[in-house]
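Below are the chains, spelled out letter by letter.
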Amino acid sequence: MPSGRWSCGLCGSDDTWAHYEHQDCPVAPLQSGIYAWGDVAEKGPGPDGRPQPQPCPGCNDGVLHECLYVVCQSCYGIVADWRNS
C-alpha cells in the first residue's frame, strides 16, 4: 500500500486521524480506565495500511499501542477499522 495520508471514502477529505487507546493507563480517567488519543492518519507500510503503533502520550511508559481505527474529521465517518481484527 502506498504511503501518505488516509482519505475518506465518504466525503473525500484527507483530514483523517488515527485513534489509539491505552487500556488501564495510570493517568486515564477513573471512570473508564482508558487513555485515548489521536494523530494524523498516515498510512503504514503493511498491506492494510494501518498507521504505525504509538506509545501512550499520557503515561509515557514506552509501550506501543496499535491504531484501532481511522476517522474523518470532516464528516466523522470511519475510514478504516481494526477493532475486530
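(A) Expanded view of the packing of aromatic side chains. Under the definition given, this model contains 3 aromatic pairs. Seen from their ring centres, Trp6 and Trp82 are 6.0 Å apart, and the 75° between their planes marks the pair as edge-to-face. With a gap of 76 residues between them, Trp6 in the segment before β1 (16–23) and Trp82 in the segment after β6 (78–81) connect regions that are remote in the sequence. Taking the relative accessible area as the measure of exposure, Trp82 reaches 9% and is therefore buried. With a centroid separation of 5.5 Å and 10° between ring planes, the pair formed by Tyr20 and Trp37 is classed as stacked. Within this pair, whereas Tyr20 is found in strand β1, its partner Trp37 is found in strand β2 (residues 34–40), the two being separated by 17 residues in sequence. Of the residues examined, Tyr20 reaches a relative accessible area of 1% and is grouped as buried. Accessibility expressed as a relative area gives 10% for Trp37, which makes it buried.

(B) Region of interest: the nonpolar core. Counting 12 residues, the largest nonpolar core consists of Trp6, Ala18, Tyr20, Cys25, Ala28, Trp37, Ala41, Cys56, Cys67, Val70, Ala80 and Trp82. For this core, the secondary-structure elements that each account for two or more residues are β1 and β5 (67–72). Those residues in contact with Val70, other than ones at most four positions away along the chain, are Trp6, Thr16, Trp17, Ala18, Ala41, Pro51, Gly77, Ile78, Val79, Ala80 and Trp82.

(C) Focus on the state of the cysteines. Summed over the entire model, instances satisfying the criterion amount to 0 disulfides. Residue Cys59 stays outside any disulfide, its sulfur separated by 3.9 Å from that of Cys25, the closest cysteine.

(D) Local environment of the pattern of salt bridges. Counted by the stated rule, this structure contains 3 salt bridges. Between Asp15 and Arg5 there is a salt bridge, and its shortest N-O distance comes to 3.7 Å. In this pair, Asp15 is assigned in the segment before β1 and Arg5 in the segment before β1, connecting sequence segments 10 residues apart. Exposure remark for Asp15: the relative accessible area of 31% places this residue in the partly exposed category.

Calculation notes
- Residues numbered from 1 in each chain as written.
- Predicted model: local features only at pLDDT ≥ 70, side-chain atom pairs only at ≥ 80, totals over all residues.
- Heavy atoms only, no water.
- Phe/Tyr/Trp six-rings, centres within 6.5 Å; stacked < 30°, edge-to-face > 60°.
- Helix = DSSP H or I, 4+ residues; strand = E, 2+ residues; numbered from the N terminus.
- Buried < 20%, exposed > 50% of the residue type's maximum accessible area, 1.4 Å probe, protein only.
- Core = buried A, V, L, I, M, F, W, Y, C linked by side-chain atoms within 4.5 Å.
- Contact = heavy atoms within 4.5 Å.
- Disulfide = S-S within 2.5 Å.
- Salt bridge = Lys/Arg side-chain N within 4 Å of Asp/Glu carboxyl O.

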